[in-house]
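# Fold and geometry: a report
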Amino acid sequence: MTGELWTELLSQALTALPGDTGAGAVQGELSLDGAVGLLGSNLPAHDTAIACVGTALLAAAALAGQRDGRGHRPVRVDAGHVAAAVRSEVHLRLNGQAIAGFAPLSRFWRASDGWVRTHGNYSWHREALLRGLETTGDIASVEAAVKSTTALEVEERVVAAGGLAVAVRTEEEWLIHPHGQVVAGQCLVEGGRTGNAAPRRRVPGLLPASGLRVLDLTRVIAGPVSTRFLAALGADVLRLDPPHRPELPLHVYDGLPGKRSAVLDARTPDGLARLHGLLDGADVLVHGYRPGALDCFGLSSSALADRHPGLVVVSLSAWGASGPWGGRRGFDSIVQAATGIAMVESPDGDRPGALPCQLLDHGTGYLAAAAVLDALRRQEEHGGTYLQELSLARTAHWLLGLPRDRREPLTSEKAHEAWLTTVGSADGPITTVTPPGVLDGRRLCWPSPLTTYGGDRLEWPSAFTQ
C-alpha cells in the first residue's frame, strides 16, 4: 500500500455519487498538504477519511463553478486537519473541559461464546438494554447476564426490547450473514433523480452553498457532520429536534457549529403542519431516522417527491433501507462490531478493538454532504427531485475491501492543536475543530457563534446570503 491510496479512494467515492444522463460527474483535483498516516489502524482509516472529505470539497467546488460560471477552482486540504476533523468530538472542550462521551453500558462484554457490543448513551436505549437482559443497571449485573448468555441471544433479546446490542462478528461471518449479503450488493451512495420538477436557479454568493436552505433532522455524528459542513460552505441550516428526545451535551456542542436549532413536535397537527411549511421553503432535507420511521409524517421518499418537488433529500441510517436489518437501530460502534471491523482492529486476535476514530460516522457524513452538493448542482441545471441514501454499513463494506497495512500514528496527539478554534456559546467558550478545506484560496470556518440548543425560531429568514 502506498501513500497515494487516498487518490484511488477519492476516485471511487466520486464515482459513487449517483449521476444521470443529463449532468456530468464531479471533476477537479484535490491538493493534499501534510503526511498521510496520522491515524493508527490496520485498515486505511486516514486515507479513507481524506477521500471522504475530499469528495465533499470537490462537490462543493463543482457546485460553485456551475453557479457563477467560473468553472473549477483550486481545492486543498491538509492531512493533519482531516485527522483532527474526524475526531472532532474527542477534541471538543467546554470551558476548557472535556465532555463525557460513551456511557458505562456502551462497551464490549464477554458472552458465553464470544463478545457483544452494546450501546446505552441515551436513557431510552439504556432502559431497553436492561429490559432485554432482565437485569439492573450496575456493571456487575449486566456483566453477569451477558456472560451467561450466547452473543446471538443477547443481540436478539436486546434488539427485541428496542435496544442496541450486536454479537461481535468476523468479517467472514458478516459476509455470509443475510444482511451482510444485502449490503455487499449495494452502492456506497444509493438513489438519484425522480420526477420533472423545474430547476431552482439562485444567485451565487461568496460560498458554494450560499443562499441554500437545509432542514436538518439528524443527531449524534454522521448527519450533524454532513449538515455542519454544509453550514461552513454557506448554507442556512436549521436543525430540528423532538422535545421528548433531547440531545446529549457532547453532540449538542459538536454538532451545532454554523447552524440554527429549534424544537418541533411532529406528532401534533400544528407541529406537522409547521414541518411541511419549513420543507416548502427548503432546498435540502437531511435526516438520520431509521428507514420507514418518518413515513407516518408524510416524509417517505415518494411522499416527499410528490409534496415537495425539486427538493434534495439525503437519508442516513446504520444498516440501509433494505434487507433484514433495514429497520434496526445502530451507531458507528455497533456497526464496527457487527461487520468485522472490531476484530480486524483487535489488539491481540481475541479482544475486539476499534478504529482510531468513528470513521463510519464521519466518513459517511462527508459523503452525505457530497451527495447533497452534487444533487444541488444537478437540480439547478436539469431539475427533478433527488432522493439519495447512505448507510454506515455500506461505508464499512467499502473500508473492509481496501488494502491493509498496520500503521502507527505518525505524530503525537498535540498535532491537532493547529486546527482548533474557539467559538462563543451561552454556556461558555467552546473549543472545536475548524471545518477542513481551502476553496479558491479561502479557508473554511464556522460562520457564527454556537446557537443555543433548541433556542431558534421555526422559520426561514426572509433573505439569506453568505
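Notes on the structure in this doc start here.

About the cut-offs
Residues numbered from 1 in each chain as written. Predicted model: local features only at pLDDT ≥ 70, side-chain atom pairs only at ≥ 80, totals over all residues. Heavy atoms only, no water. Helix = DSSP H or I, 4+ residues; strand = E, 2+ residues; numbered from the N terminus. Rg over C-alpha atoms; globule rule 2.2 N^0.38 Å. Buried < 20%, exposed > 50% of the residue type's maximum accessible area, 1.4 Å probe, protein only. Contact = heavy atoms within 4.5 Å. Areas by Shrake-Rupley, 256 points an atom, 1.4 Å probe, with all protein chains shown as cover. Lys, Arg positive; Asp, Glu negative; His and termini not counted. Charge placed at Lys NZ, Arg CZ, Asp CG, Glu CD. Salt bridge = Lys/Arg side-chain N within 4 Å of Asp/Glu carboxyl O. Core = buried A, V, L, I, M, F, W, Y, C linked by side-chain atoms within 4.5 Å. 1 Å grid on protein atoms, 1.4 Å probe; cavity = no way out; pocket = protein on both sides within 12 Å on 5 of 7 lines; lining within 4 Å. Points joined across faces, edges and corners; volume = space filled by probe spheres on them. Nonpolar A, V, L, I, M, F, W, Y, C, P; charged D, E, K, R; others polar. Phe/Tyr/Trp six-rings, centres within 6.5 Å; stacked < 30°, edge-to-face > 60°. Lys NZ or Arg CZ within 6 Å of the ring centre and 35° of its normal. Polar contact = N/O pair within 3.5 Å; in protein donor to acceptor, adjacent residues only side chain to side chain. Arc of directions from axis to C-beta. Pairing = 2+ DSSP bridges. Axes fitted to C-alpha atoms, helices over the stretch in contact; angles between N-to-C directions.

## Quick notes on the overall build of the protein chain
Looking only at helices and strands, the protein chain has 17 helices and 17 strands in total. For 466 residues, the compact-globule formula gives about 23 Å, and the C-alpha radius of gyration of the protein chain, at 21 Å, lands near that figure. With the C-alpha coordinates of the protein chain rotated into their principal frame, the extents come out at 65 × 55 × 45 Å. Counting every position in the protein chain, which comprises 466 residues, the buried fraction comes to 58%. Long-range pairs, those at least 24 residues apart, make up 78% of the contacts in the protein chain with a sequence separation of at least 6. With an accessible surface of roughly 17600 Å², the protein chain has 51% of that area assigned to carbon and sulfur atoms. For the protein chain, the centre of its 42 positive side-chain charges and the centre of its 49 negative side-chain charges are spaced 4 Å apart.

## Some remarks on the pattern of salt bridges
In a structure, side chains of opposite charge can pair up when their charged atoms sit close to one another. In the structure shown here, the tally under the stated rule is 25 salt bridges. In this structure, the salt-bridge partner of Asp440 is Arg70, at a minimum N-O distance of 2.8 Å. Placement of Asp440 in the loop between strand S16 (438–439) and strand S17 (442–443) and of Arg70 in the loop between helix H2 (45–68) and strand S2 (75–78) is noted, with a sequence separation of 370 residues between them. The exposure class of Arg70 is exposed, given its relative accessible area of 52%. Residue Glu155 pairs with Arg169 through a salt bridge whose shortest N-O separation is 2.9 Å. With a gap of 14 residues between them, Glu155 in helix H7 (residues 151–160) and Arg169 in the loop between strand S6 (164–167) and helix H8 (171–176) connect regions that are remote in the sequence. Per residue, the accessibility class of Glu155 equals that of Arg169, and both read buried.

## Looking at the environment of Ala184
Tracing the chain through its elements places Ala184 in helix H9 (residues 178–184). Sequence separation of Ala184 and Ala160 is 24 residues, and the distance between their C-alpha atoms is 25 Å.

## Things to note about the nonpolar core
The biggest cluster of nonpolar side chains holds 103 residues, and the ones touching the most others in it are Leu57, Trp319, Tyr366 and Trp398. Element by element, the count of residues in this core is highest for H2, at 14 residues.

## Re unusual backbone geometry
Phi angles above zero are rare outside glycine, and Glu134 is one such case at about 55°. Checked against the element boundaries, Glu134 lands in the loop between helix H5 (123–133) and helix H6 (139–147). The exposure class assigned to Glu134 is exposed, which follows from its relative accessible area of 69%. Within the chain, Asp440 stands out as a residue other than glycine whose phi angle is a positive 55°. In this structure Asp440 comes out as partly exposed when scored by relative accessible area, which is 33%.

## A short note on empty space enclosed by the protein
In this structure the tally under the stated criterion is one cavity of 30 Å³ or more. The space that makes up the largest cavity amounts to roughly 40 Å³. Every residue along the wall of the largest cavity is listed here: Val225, Arg228, Phe229, Tyr366, Val433, Thr434, Pro435, Pro436 and Trp446. By residue number, the principal contributor to the lining of the largest cavity is helix H10 (residues 222–232), which donates three residues. Partitioning the lining of the largest cavity into residue classes produces seven nonpolar, one polar and one charged.

## Some thoughts on the packing of aromatic side chains
Enumeration according to the criterion identifies six aromatic pairs in this entry. For the ring pair Tyr122 and Trp124, a centre distance of 4.8 Å and an interplane angle of 20° mean the geometry is stacked. Neither Tyr122 nor Trp124 differs from the other in exposure class; each is buried. Taken together, the ring pairs connect Tyr122, Trp124 and Phe331 into an aromatic cluster. Sitting above the plane of the Trp109 ring, Arg107 keeps its charged end 3.7 Å from the centroid. Its guanidinium or amino end placed over the ring of Trp124, Arg245 lies 4.4 Å from that ring's centre, counting from NZ or CZ.

## Here's the deal with helix H14 (residues 332–339)
With respect to burial, H14 is a largely interior element, eight of its eight residues being buried. Turning to H14, its buried residues number three or more, namely Asp332, Ser333, Ile334, Val335, Gln336, Ala337, Ala338 and Thr339. Looking one or two residues past H14, Gly340 carries a phi angle of roughly 105°, positive in sign.

## Here we look at the side chain of Ser391
Among the secondary structure elements, Ser391 is positioned in strand S13 (residues 385–391). Of the polar contacts made by the side chain of Ser391, one reaches the backbone nitrogen of Arg394; its length is 3.1 Å.

## Observations regarding H7
All of the buried residues in H7 are Ala151, Val154, Glu155 and Val158. One side of H7 holds all its buried residues, which, seen down the axis, span an arc of 100°. H7 presents Glu156 and Ala160 as exposed residues on the side facing more than 90 degrees away from its buried surface. Buried residues along H7 sit against strand S5 (115–119), H5, H6 and S6. Looking one or two residues past H7, Gly162 carries a phi angle of roughly 90°, positive in sign.

## A short note on the sheet that holds strand S7 (residues 190–194)
One open sheet holds the seven strands; their spatial order is S7-S13-S12-S11-S8-S9-S10, and the pairing between them is mixed. Two strands in the sheet have a free side with no partner beyond their single neighbour: S7 and strand S10 (260–263). Between one strand and the next, the sheet's axes are offset by a mean angle of 15°, whatever the strand orientation. As paired strands, strand S11 (residues 284–287) and strand S12 (residues 312–317) are joined by four bridges and run parallel to one another. In the strand pairing of S12, Val284 is matched with Val312. Contacts between helix H16 (residues 359–382) and the sheet are confined to S7, S11, S12 and S13, with S13 contributing the most and set at about 165° to the helix. Contacts from helix H17 (residues 392–400) reach S7, S12 and S13 within the one sheet, and its direction differs from that of S13 by about 60°.

Function cannot be read off these values alone, since they describe shape.
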